[in-house]
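Structural characterization, general
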Amino acid sequence: METRWLYTTSENFAALRDASEKVCVIPMGCIEKHGLHLPLGTDIVKGSYIAHRASQLETVCIFPDFTFGDVPRGPHAYRPDGTVCLDVRVQITLLEQLCEEIAANGFTKILVANSHGGNTHWLNQFSRNWNMKPHKAVFAWTKVDIKVAPYGMAELLLEKGSGAIPELTKEDEELILRYYNENILLGHACFGEAALIMAAAPESVHLDRLGIESGLPLEIPELQNLADAGVNIADGGWEIKYPNWFSGHDPIGLNERIAEAAARLASEKLAKAYKAFKEDTFLLEQAKKAYHDKSYFE
């Protein structure tokens, strides 16, 4: 079934809403540098791809992408690298109005599938603000898991043995387990993100650019002194420690088989979140109780 809002006709829209059991999912990401080997749109491209793929396993309506997520650079920062940064107040207002439009179209549950770590802070605040006044839909968010590769894969192989991930060869399994045993650093433009974007848009991945810029953190004594004293700054100074906008070891050996396995596992995990959200009745009941109107969400 076509689950994407944009690809559904008005005539078929009610059928999609009914098949989704009035659950609408918003893929969310951002536009920012991801090292030299991954595209600027990594977060939203992989997030949109996995969100849609998961909807083929558990039917939900997929709303158009929320592309412009929060990036830790001020609007006047020097950044001629393609990064786009909007004021977080604009993001919150935009998301609220989009959610109201979704609710006006008959959906009673809205779930953000977030694929960018920088959005988690304001999504928590948005969730609180959403509950401050009546809306015709409940709101929640989940994340697209980038740690399925290599950690999730390695744990599956260790639990169930060789062959547990049919996409992988013996050599792939050895690579995954080696990265796991060596405690490969994951974070941003890392092995996990590279695997998912390779599945979503393989032509945009440039592994030949690895090794030019490091994904390992800089040692900044001043930041460490503040952290040791319990002083918190924005994102712990992430953009200072990782000036290349890449945090992780180089994903050497990553290939299309590993990428496909990662995308499948991430989609299956997200589909479970869809299912749990669809089947939940608690949040709607709580909203009805808070708004003193049992028919408000009918």
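Refer to the structure above for everything that follows.
Residues numbered from 1 in each chain as written. Predicted model: local features only at pLDDT ≥ 70, side-chain atom pairs only at ≥ 80, totals over all residues. Heavy atoms only, no water.

On to helix 5 (residues 148-160). One turn of an α-helix holds 3.6 residues; hence residues three or four places apart share an orientation. Compared with the 18 Å implied by 1.5 Å per residue over 13 residues, the 15 Å span of helix 5 between its first and last C-alpha is markedly short. Within helix 5 the residues assigned to the buried category are Val148, Ala149, Pro150, Tyr151, Met153, Ala154, Leu156 and Leu157. Packed against the buried residues of helix 5 are helix 6 (170-181), helix 7 (191-200) and helix 10 (256-279). Where helix 5 terminates, the next one or two residues include Gly161, which has phi positive at roughly 90°. (Helix = DSSP H or I, 4+ residues; strand = E, 2+ residues; numbered from the N terminus. Expected span 1.5 Å × (residues − 1). Buried < 20%, exposed > 50% of the residue type's maximum accessible area, 1.4 Å probe, protein only. Contact = heavy atoms within 4.5 Å.)

Counted according to the given criterion, the structure contains zero disulfides. With no disulfide of its own, Cys24 lies closest to Cys61 among cysteine sulfurs, the gap being 4.2 Å. Of the residues examined, Cys24 reaches a relative accessible area of 0% and is grouped as buried. (Disulfide = S-S within 2.5 Å.)

Another point: the nonpolar core. Soluble, globular proteins show a tendency: their nonpolar side chains are buried together. Met153, Ile176, Phe191, Leu196, Ile258, Leu270 and Tyr274 are the most contacted members of the largest nonpolar core, which has 54 residues in total. With eleven residues, helix 10 is the single largest residue contributor to this core. Setting aside its immediate chain neighbours within four residues, Phe191 contacts Ala149, Pro150, Ile176, Tyr179, Ile184, Leu186, Pro251, Ile252, Leu254 and Ile258. (Core = buried A, V, L, I, M, F, W, Y, C linked by side-chain atoms within 4.5 Å.)

As a further point, take the sheet that holds strand 1 (residues 23-28). By way of backbone hydrogen bonds, the strands of a sheet pair with one another, either parallel or antiparallel. If you trace the four strands from one edge of the open sheet to the other, you get 2-1-3-4, paired in parallel fashion. Where the open sheet ends on each side, the last strands, each with one partner, are strand 2 (61-62) and strand 4 (138-143). The sheet contact formed by strand 1 and strand 3 (residues 109-114) spans six bridges and is parallel. Within strand 3, the residue paired with Ile26 across the bridge is Val112. Along the sheet, helix 2 (residues 42-55) contacts strand 1, strand 2 and strand 3; its crossing angle with strand 1, the most-contacted strand, is approximately 155°. (Pairing = 2+ DSSP bridges. Axes fitted to C-alpha atoms, helices over the stretch in contact; angles between N-to-C directions.)

In short, the description is geometric, and any link to function would need to be established separately.
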